[in-house]
Each structure stands twice: as C-alpha cells, then as structure tokens.
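Descriptive structure summary
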Amino acid sequence: MTATKLPAECETKDDVRFEIDRIDHALIELFAERHAYVTRMAEIKTDPHEANDPARIEAIVAKRRAQALELDIDEDQIELLWRTLIDWNINYEKGIIIARNRKK
C-alpha cells in the first residue's frame, strides 16, 4: 500500500479522499484475509464456547492499544474497534460451529 501523496502533500479534499479510498480498499482486502483465518478457526474448533476466550481477547486488545499508542492513534477508539471486530468474530465462529454440530 503505497501512498500516492503523503497527507502533507494533499492540497485538495479530492487528494485526501483519493488516499482515504485507497486505504479503505486495502483495509477491506486485509479484513477479507483475516476473515478467512477466522473461518478456518471456526472449522478447527469443536465447541461453540471455544469461540470466546477472554484471556486471548484481553491479550489482543492490549497489543492493539500498545500499537495505537506507538502510532499516535487514540487507543480507546482502537480498543472499541477491535472489541467490535472480536465480538463479530465470536458470533460468526459460534454460528459455524453450532451449524456443523447440528448436522452430526
């Protein structure tokens, strides 16, 4: 993901919007890649309760908060974003595991 223009080089709203759109596109691709791993994890797990691992969740959130601080991003916003993503993944994994277990 290479910027066409650095933020300070953007002179118009269109310049900024172009870069944001470029980044959004890359983020969706990364979320799709992450989603494939979440799907695989759901295939490996056998019990829906395995989808929620509080110790793992707190470790992930702590890592993302630390990364946000390093990058000078509001760590509370990053935590909220990641907890939302994790909650979605937990529900997704549970659904896959429950559906698979019902077929057995």
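Residues numbered from 1 in each chain as written. Predicted model: local features only at pLDDT ≥ 70, side-chain atom pairs only at ≥ 80, totals over all residues. Heavy atoms only, no water.

1. Re the overall build of the chain
On a plain count of helices and strands, the chain comes out with three helices and zero strands. Element order for the chain, N to C, with α for helix and β for strand: α-α-α. Its C-alpha atoms give the chain a radius of gyration of 18 Å, clearly above 13 Å, the size a compact globule of 104 residues would have. With the principal axes as the frame, the chain shows a C-alpha extent of 60 × 25 × 15 Å. Expressed as a percentage of the 104 residues in the chain, the buried residues total 21%. (Helix = DSSP H or I, 4+ residues; strand = E, 2+ residues; numbered from the N terminus. Rg over C-alpha atoms; globule rule 2.2 N^0.38 Å. Buried < 20%, exposed > 50% of the residue type's maximum accessible area, 1.4 Å probe, protein only.)

2. Let's talk about the confidence of the model for the chain
The share of residues in the chain with pLDDT of 70 or more is 99%, and the mean pLDDT across the chain is 96. Mean pLDDT across the elements of the chain ranges from a minimum in helix H3 (residues 75–103), with 96, to a maximum in helix H2 (residues 54–70), with 98. (pLDDT = per-residue confidence, 0-100.)

3. Digging into the environment of Ala99
Secondary-structure assignment places Ala99 in helix H3. Classification of Ala99 as partly exposed rests on a relative accessible area of 36%. Residues Ala99 and Ala8, 91 residues apart in the sequence, show an inter-C-alpha distance of 50 Å.

4. Describing H2
For H2, spanning 17 residues, the distance from its first C-alpha to its last is 24 Å, which sits close to the expected 24 Å at 1.5 Å a residue. On its buried face, H2 is in contact with H3. (Expected span 1.5 Å × (residues − 1). Contact = heavy atoms within 4.5 Å.)

5. Focus on the UniProt feature "domain: Chorismate mutase" (unreviewed entry) in the chain
The positions UniProt marks with the feature "domain: Chorismate mutase" (unreviewed entry) are residues 7–97. Segment residues 7–97 splits into 79% helix and 0% strand. End C-alpha atoms: 44 Å apart. (UniProt positions renumbered as here; feature names shortened; annotations may be inferred.)

6. Thoughts on the packing of H2 against H3
Between H2 and H3, the least distance of the axes is 9 Å, while the angle of their chain directions is 145°. Crossing of H2 over H3 shows right-handed handedness. Of H3, the residues touching H2 (which contributes Ile57, Glu58, Ile60, Val61, Arg64, Arg65, Ala68 and Leu69) are Glu75, Asp76, Ile78, Glu79, Trp82, Arg83, Ile86 and Ile90. (Axes fitted to C-alpha atoms, helices over the stretch in contact; angles between N-to-C directions. Left-handed = near helix turned anticlockwise from the far one by under 90°.)

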